[in-house]
Amino acid sequence: MTVAGTGTANGDVVVPDELANNVFITNIAKLLDPAYNWARRNSVWPLVFGLACCAIEMICTASSRFDLARFGMEVFRATPRQADLMIVAGRVSQKMAPIVRQVYDQMPGPKWVISMGVCASSGGMFNNYAIVQGVDHIVPVDIYLPGCPPRPEMLLDAIIKLHDKIQSAPLGANRIAAEHAAEKVALTAIPTSQMKGLLA
């Protein structure tokens, strides 16, 4: 719609000078994207997936002392079809790897993964044939949480960082293709056990 007379242009609409301070013109996506991401951020449901000693710390996070309920996450889901956050807590054995991937594939999108503990992130002290040297060989990881075992406060901090990542996630028509491309890149990355680092 074009308004006759002199005025300042704001996109495709010309606004008269006397209305310039009273009119708000914006793109609808700029209003809806933050609201949509806010709703996704505040409705994350974690999946029960404790594999070793880190699971005790994950369970403690839901207790009244650390109060995971402030994020609406106090109920750990028992089925992947009701969860969108997988917290891999503990070491992943070679026999468990296909099950981890199957459970991840059964989760509805969008979905996120937190690798909790050094054993889940890089194999930890178990540098042998039986343990997967990082869960990022199986599923794409969003947040790595170090420690052996990490404290519940560290898990809360990782969840807050995940919330920030969800809030700033771009939306749009190509979002699903971008998620698949990011997953492919994450799964083809150099394993941490093969990285040489600065001292090589």
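The coordinates are above.
*Asks:* So what exactly am I meant to see when it comes to the overall build of the protein chain here?
*Replies:* The helix and strand tally for the protein chain stands at six helices and six strands. Going residue by residue from the N terminus, the α and β elements of the protein chain occur as β-β-α-β-α-β-α-β-α-β-α-α. The burial tally for the protein chain puts 34% of its 200 residues in the buried class. In the protein chain, once contacts between residues fewer than 6 apart in sequence are set aside, the share between residues at least 24 apart is 73%. Element-wise, carbon and sulfur atoms account for 60% of the exposed surface of the protein chain, whose accessible area totals about 11900 Å².

*Asks:* Hey, could you run me through the nonpolar core in this one?
*Replies:* Among soluble globular proteins, nonpolar side chains are generally buried collectively. Counting 22 residues, the largest nonpolar core has Leu85, Ile87, Ile114, Met116 and Leu155 as the members making the most contacts within it. When contributions to this core are tallied by element, the ones reaching two or more residues are helix H2 (54–61), strand S4 (85–89), strand S5 (112–116), strand S6 (143–145) and helix H5 (152–167). Considering every element that reaches this core, the biggest residue donor is H5, with six residues. Residue contacts for Leu155: discarding those within four places in its chain leaves Met58, Thr61, Ile87, Ile114, Met116 and Leu145. Residues Ala97, Met107, Val135 and Ile138 belong to the second largest nonpolar core, which totals 18 residues.

*Asks:* So what exactly am I meant to see when it comes to unusual backbone geometry here?
*Replies:* Omega for the peptide link from Gly109 to Pro110 comes to -5°, which places this bond in the cis form. Tracing the chain through its elements places Pro110 in the loop between helix H3 (97–106) and S5. Residue Cys148 is joined to Pro149 through a cis peptide bond whose omega torsion reads -15°. A positive phi angle, close to 60°, is found at Asp67, a residue other than glycine.

*Asks:* So what exactly am I meant to see when it comes to H2 here?
*Replies:* At 3.6 residues per turn, the α-helix brings residues three or four places apart onto the same side. Listing the buried residues of H2 in full gives Cys54, Ala55, Glu57, Met58 and Thr61. In an axial view of H2, the angular spread of the buried residues amounts to 160°, which keeps them on one side of the axis. The exposed set on the far side of H2, more than 90 degrees from its buried face, consists of Ile56 and Ile59. The secondary structure elements touched by the buried residues of H2 are S4, S5 and H5.

*Asks:* Explain the pairing of S5 here, please?
*Replies:* Consecutive side chains of a regular strand alternate in pointing toward one face of the sheet and then the other. Taking burial as the measure, the five residues of S5 include five buried ones, the bulk of the element. Judged by which residues are buried, S5 turns out to be covered on both faces: Trp112, Ile114 and Met116 on one side and Val113 and Ser115 on the other are all buried. Where S4 lies against S5, five bridges are found, and the strand directions are parallel. If you follow Leu85 over to S5, its bridge partner there is Trp112. With respect to chirality, the unit in which S4 leads through H3 into the neighbouring parallel S5 is right-handed. Taken together, the three bridges between S5 and S6 define a ladder with parallel strand orientation. For Ile114, the partnering residue across the bridge sits in S6 and is Ile143.

*Asks:* Help me out: how do you make sense of the packing of aromatic side chains in this one?
*Replies:* Inspection of every chain in the model, using the stated rule, returns zero aromatic pairs. A cation sits over an aromatic face here: Lys111 above Tyr104, 4.3 Å from the ring centre.

*Asks:* I would appreciate a short explanation of the pattern of salt bridges in the present structure.
*Replies:* One side chain can pair with another of opposite charge once the charged atoms of both are near each other. Within the structure shown, the criterion is met by four salt bridges. A salt bridge links Glu153 to Arg151, with the nearest nitrogen and oxygen atoms 3.4 Å apart. Judged by relative accessible area, Glu153 falls into the partly exposed class, the value being 40%.

*Asks:* Help me understand the sheet that holds S6 in this model?
*Replies:* Where strands meet in a sheet, backbone hydrogen bonds hold them as pairs that are either parallel or antiparallel. The parallel open sheet is built from four strands, whose spatial order is S3-S4-S5-S6. Edge strands, defined here as strands with exactly one partner in the open sheet, are strand S3 (46–47) and S6. Against the sheet, H5 contacts S4, S5 and S6, and its axis sits at roughly 155° relative to S5.

Criteria and thresholds
Residues numbered from 1 in each chain as written. Predicted model: local features only at pLDDT ≥ 70, side-chain atom pairs only at ≥ 80, totals over all residues. Heavy atoms only, no water. Helix = DSSP H or I, 4+ residues; strand = E, 2+ residues; numbered from the N terminus. Buried < 20%, exposed > 50% of the residue type's maximum accessible area, 1.4 Å probe, protein only. Contact = heavy atoms within 4.5 Å. Areas by Shrake-Rupley, 256 points an atom, 1.4 Å probe, with all protein chains shown as cover. Core = buried A, V, L, I, M, F, W, Y, C linked by side-chain atoms within 4.5 Å. Arc of directions from axis to C-beta. Pairing = 2+ DSSP bridges. Right-handed = clockwise from strand over helix to strand, strands pointing away. Phe/Tyr/Trp six-rings, centres within 6.5 Å; stacked < 30°, edge-to-face > 60°. Lys NZ or Arg CZ within 6 Å of the ring centre and 35° of its normal. Salt bridge = Lys/Arg side-chain N within 4 Å of Asp/Glu carboxyl O. Axes fitted to C-alpha atoms, helices over the stretch in contact; angles between N-to-C directions.

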